[in-house]
Amino acid sequence: MAQKVEAAPFKGFAEADPDQANPWKIAQRQFDIAAQALGLDPNMASVLRECKRQLIVTFPVLMDDHTIQMFTGFRVHHNVDRGPAKGGIRYHPGVTIDEVKALAMWMTWKCAVVGIPYGGAKGGVIVDPKRLSRNELENLTRRYTSEISILIGPDRDIPAPDVNTNAQIMAWMMDTISMHAGHSVPAVVTGKPLGIGGSEGRPEATGRGCMLTTIAALKHLGIRPQDATVAVQGVGNVGYTTAKLLAERGCKVIAVSDSNGACYNEDGIELDEVVREKELNGRLRQQVCEFISNEELLELPVTVLVPAALENQIHRGNANRIKARIVCEGANGPTTPEADEILYDKGVFVIPDILANAGGVTVSYFEWVQDLQEFFWDEHDINERLERIMMRAFDNVLKVSLEKKIMMRTAACRGVPAAAQTTSYCSKSRSM
Ligand code: NAD
């Protein structure tokens, strides 16, 4: 069978600071800091700083030209003591097992910080989906789903969308599992289209959570939304919704970017015009705007900076040049531990990923609950419940941060003791 050559691996911003580039080492460092600050039992810490299961699959996909191309994918469970494993599926040429492990660990803390009964998981395939036709993307998704089906299921592990995956991909995943089950299994994935058991409010949920926590942070700092400017790196699902909802609350969005660079106008961005231009001409632009790089966007003098693309964007090489008053981490892992300290010392208010972007997993949980009970709520209900959970989590984390004089990220890891407590209850075997 003919074999195609894989696309060259993507080189992200992590390359700017190579010693920061391993997300798994970063996730473990963040964990160690939190475990120490929160007085976690060292035995429990040794359990929680590792991932429970790691599945690596290499599988064939039939391409449109009738050749077979081999792809590699991952599914990792960090911890499943609080409930089924939960976490998105990423399609990206730069996916690595260490990235997936880090994302799975962050999912455990994220679910714990918003009090959702899930453990942490993540999955990914090394692929640039932009190079595949729709048919090839479907073939890849269905085959990957079959390969990881030994782990996933409504009561075991429930995937969701992440970078470069969406409702259509979730529909193919659900259908693949349903074909083998002989009946529809909607609760096996979340972030599905509404017509097959998706939830109202799910596509906007992560961005809505980012908006809610940003507004709460502005209030805490005594800044009116009307006086706040915003820059968003990565105007995809999370970044676009965050920008749109912050603009609706009165903030002025002055820069947005994608992987090609940023569109900036200090008088404000017409978000829908800019995104429509990208759909038509492949580039974010509006009538009057300046093109700047993603690095320049991060360093703009804005009130709120929303990194909503990939990991390691704010590192020790640029943290000192960050001028934002608030960093709302829409992306997972955008700030390295060294940068965290620099930002903390500069008085930048960081809303950490495991809190800021927890709206997505929260509404995924609502979707799963609705699928299992086959009873659906309206959008108003969903948004109201989401707001209640996000605000409770924000207030709790802020309180711990102020009381213990620790970073918001370390305070948000109060989910760590919660997970540890469950893990200690769940240690059925003396050898654990
Ligand atoms: P997406 O694929 O919809 O959007 C990603 C955006 O980032 C795109 O606009 C892309 O052009 C841009 N991008 C990619 N590489 C970039 C680079 N190097 N510099 C600048 N921009 C770049 O993905 P998404 O679902 O919005 O996810 C974005 C981030 O949010 C990821 O870190 C993801 O893990 C996290 N997240 C997503 C969800 C969710 O519900 N989708 C939930 C929680 C966290």
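Reading guide: rules and limits
- Residues numbered from 1 in each chain as written.
- Predicted model: local features only at pLDDT ≥ 70, side-chain atom pairs only at ≥ 80, totals over all residues.
- Heavy atoms only, no water.
- Buried < 20%, exposed > 50% of the residue type's maximum accessible area, 1.4 Å probe, protein only.
- Helix = DSSP H or I, 4+ residues; strand = E, 2+ residues; numbered from the N terminus.
- Pairing = 2+ DSSP bridges.
- Salt bridge = Lys/Arg side-chain N within 4 Å of Asp/Glu carboxyl O.
- 1 Å grid on protein atoms, 1.4 Å probe; cavity = no way out; pocket = protein on both sides within 12 Å on 5 of 7 lines; lining within 4 Å.
- Points joined across faces, edges and corners; volume = space filled by probe spheres on them.
- Nonpolar A, V, L, I, M, F, W, Y, C, P; charged D, E, K, R; others polar.
- pLDDT = per-residue confidence, 0-100.
- Contact = heavy atoms within 4.5 Å.
- Near = heavy atom within 4 Å.
- Polar contact = N/O pair within 3.5 Å; in protein donor to acceptor, adjacent residues only side chain to side chain.
- Areas by Shrake-Rupley, 256 points an atom, 1.4 Å probe, with all protein chains shown as cover.
- Domains from an automatic or database assignment.
- Buried area = accessible area lost by both parts, 1.4 Å probe.
- Core = buried A, V, L, I, M, F, W, Y, C linked by side-chain atoms within 4.5 Å.
- Axes fitted to C-alpha atoms, helices over the stretch in contact; angles between N-to-C directions.

**Section: the pairing of strand 2 (residues 68-79)**
Piece 1. Most of strand 2 sits out of view: ten of its twelve residues are buried.
Piece 2. Both strand 1 (residues 53-62) and strand 2 contribute to a ladder of ten bridges, which runs antiparallel. Looking at the pairing, Phe59 lines up with Phe71 of strand 2.
Piece 3. With antiparallel pairing between neighbouring strands as the criterion, strand 1 and strand 2 make up a hairpin whose turn holds five residues, including His66 at a positive phi of roughly 70°.
Piece 4. Bridging between strand 2 and strand 4 (residues 119-126) involves six bridges; their strand directions are antiparallel. Residue pairing in the sheet places Gly73 in a bridge with Val125 of strand 4.

**Quick notes on the pattern of salt bridges**
Piece 1. The tally for this structure, following the rule as stated, stands at 21 salt bridges.
Piece 2. A salt bridge links Asp32 to Arg49, with the shortest nitrogen-to-oxygen separation between them at 2.9 Å. One end of the pair, Asp32, is in helix 1 (residues 23-37); the other, Arg49, is in the loop between helix 2 (42-48) and strand 1, and 17 residues separate them in sequence.
Piece 3. By relative accessible area, which is 33% here, Asp32 ends up partly exposed.
Piece 4. You can call Arg49 partly exposed: its relative accessible area is 25%.
Piece 5. The salt bridge partner of Glu299 is Arg321, with a shortest N-O separation of 3.2 Å. Placement of Glu299 in the loop between helix 9 (294-298) and strand 10 (304-307) and of Arg321 in the loop between strand 10 and strand 11 (326-328) is noted, with a sequence separation of 22 residues between them.
Piece 6. In this structure Arg321 comes out as partly exposed when scored by relative accessible area, which is 42%.
Piece 7. Linked through salt bridges whose partners overlap, the residues forming this network are Arg90, Glu99, Lys122, Asp162 and Glu311.

**Remarks on empty space enclosed by the protein**
Piece 1. Tallying each qualifying case throughout the model produces three cavities of 30 Å³ or more.
Piece 2. When its volume is computed, the largest cavity comes out at roughly 70 Å³.
Piece 3. Elements represented by at least two residues in the lining of the largest cavity include exactly helix 1, helix 10 (337-346) and helix 14 (408-412).
Piece 4. Residue contributions to the lining of the largest cavity peak at three residues, all from helix 1.
Piece 5. Residue composition of the lining of the largest cavity, grouped by class: four nonpolar, two polar and two charged.
Piece 6. Approximately 50 Å³ is the volume found for the second largest cavity.

**A word on the confidence of the model for the chain**
Piece 1. On average, residues of the chain carry a pLDDT of 91, and 91% of them reach 70 or more.
Piece 2. Counting contacts from residues 1-16, a segment whose pLDDT is below 50, to residues more than four positions away or on other chains yields 30 contacts.
Piece 3. In this model residues 428-432 is a low-confidence stretch, pLDDT under 50, and it forms three contacts with partners more than four residues away in sequence or in other chains.

**Re the site of the ligand**
Piece 1. Among the 25 residues in the neighbourhood of the ligand, the closest are listed as Arg90, Asp162, Thr206, Val238 and Asn332.
Piece 2. Between Asn164 and the ligand, the recorded distance is 3.0 Å, taken from a backbone N or O atom to an oxygen atom.
Piece 3. In this structure, Val238 approaches the ligand through a main-chain N or O atom, which is 2.9 Å from an oxygen atom.
Piece 4. When the ligand is considered free in solution it has 820 Å² of accessible area, and contact with the protein chains removes 89% of it.
Piece 5. Secondary-structure elements contributing two or more residues to the shell around the ligand are helix 6 (202-220) and helix 7 (237-248).
Piece 6. Per-class residue counts for the shell around the ligand are ten nonpolar, eleven polar and four charged.
Piece 7. Both domains that furnish three or more residues to the shell around the ligand are identified here as domain 1 (1-16 + 201-374 + 381-413) and domain 2 (51-196).

**Thoughts on the domain arrangement of the chain**
Piece 1. Taken as a whole, the chain is organised into domain 1 (1-16 + 201-374 + 381-413) and domain 2 (51-196).
Piece 2. One C-alpha centre belongs to domain 1, the other to domain 2; they are set 23 Å apart.
Piece 3. Between domain 1 and domain 2, the contact holds 35 residues from the first and 40 residues from the second.
Piece 4. Together domain 1 and domain 2 conceal approximately 2900 Å² of surface at their shared face, both sides included; 63% is due to carbon and sulfur atoms.
Piece 5. Run the count over domain 1 and domain 2 and you get three salt bridges.
Piece 6. Note that Glu367 is salt-bridged to Lys192, the shortest N-O span being 2.7 Å.
Piece 7. At the boundary of domain 1 with domain 2, the tally comes to eight residue pairs in polar contact (both at pLDDT 80 or more).
Piece 8. Those elements that provide at least two residues to the side of domain 1 that touches domain 2 are helix 11 (353-356), helix 12 (359-373) and helix 13 (379-404).
Piece 9. A per-element tally of the side of domain 1 that touches domain 2 places helix 12 first, with eight residues.
Piece 10. Of the residues belonging to the side of domain 1 that touches domain 2, the class tally is 21 nonpolar, six polar and eight charged.

**A closer look at the nonpolar core**
Piece 1. Residues Phe31, Val114, Val230, Val256, Phe349, Ile351 and Phe394 are the most contacted members of the largest nonpolar core, which totals 83 residues.
Piece 2. Counting residues per element, this core draws most heavily on helix 3 (residues 97-113), at ten residues.
Piece 3. Here this core gathers at least three residues from each of two domains, domain 1 (1-16 + 201-374 + 381-413) and domain 2 (51-196).
Piece 4. Setting aside anything within four residues of it in sequence, one finds Val230 in contact with Leu246, Cys251, Lys252, Val253, Ile254, Ala255, Val302, Val304 and Val306.

**Topic: the sheet that holds strand 1**
Backbone-to-backbone hydrogen bonds join strands into a sheet, with any given pair of strands oriented parallel or antiparallel.
Piece 1. Spatially, 1-2-4-3-5 is the arrangement adopted by the five strands of the open sheet, whose pairing is mixed. Each of the sheet's edge strands pairs with one partner strand only, and the pair in question is strand 1 and strand 5 (157-161). Across the sheet, the mean angle separating the axes of adjacent strands is 25° when strand polarity is ignored.
Piece 2. Running at roughly 140° to strand 1, helix 4 (residues 134-148) makes contact with strand 1, strand 2, strand 3 (85-92) and strand 4 of the sheet.

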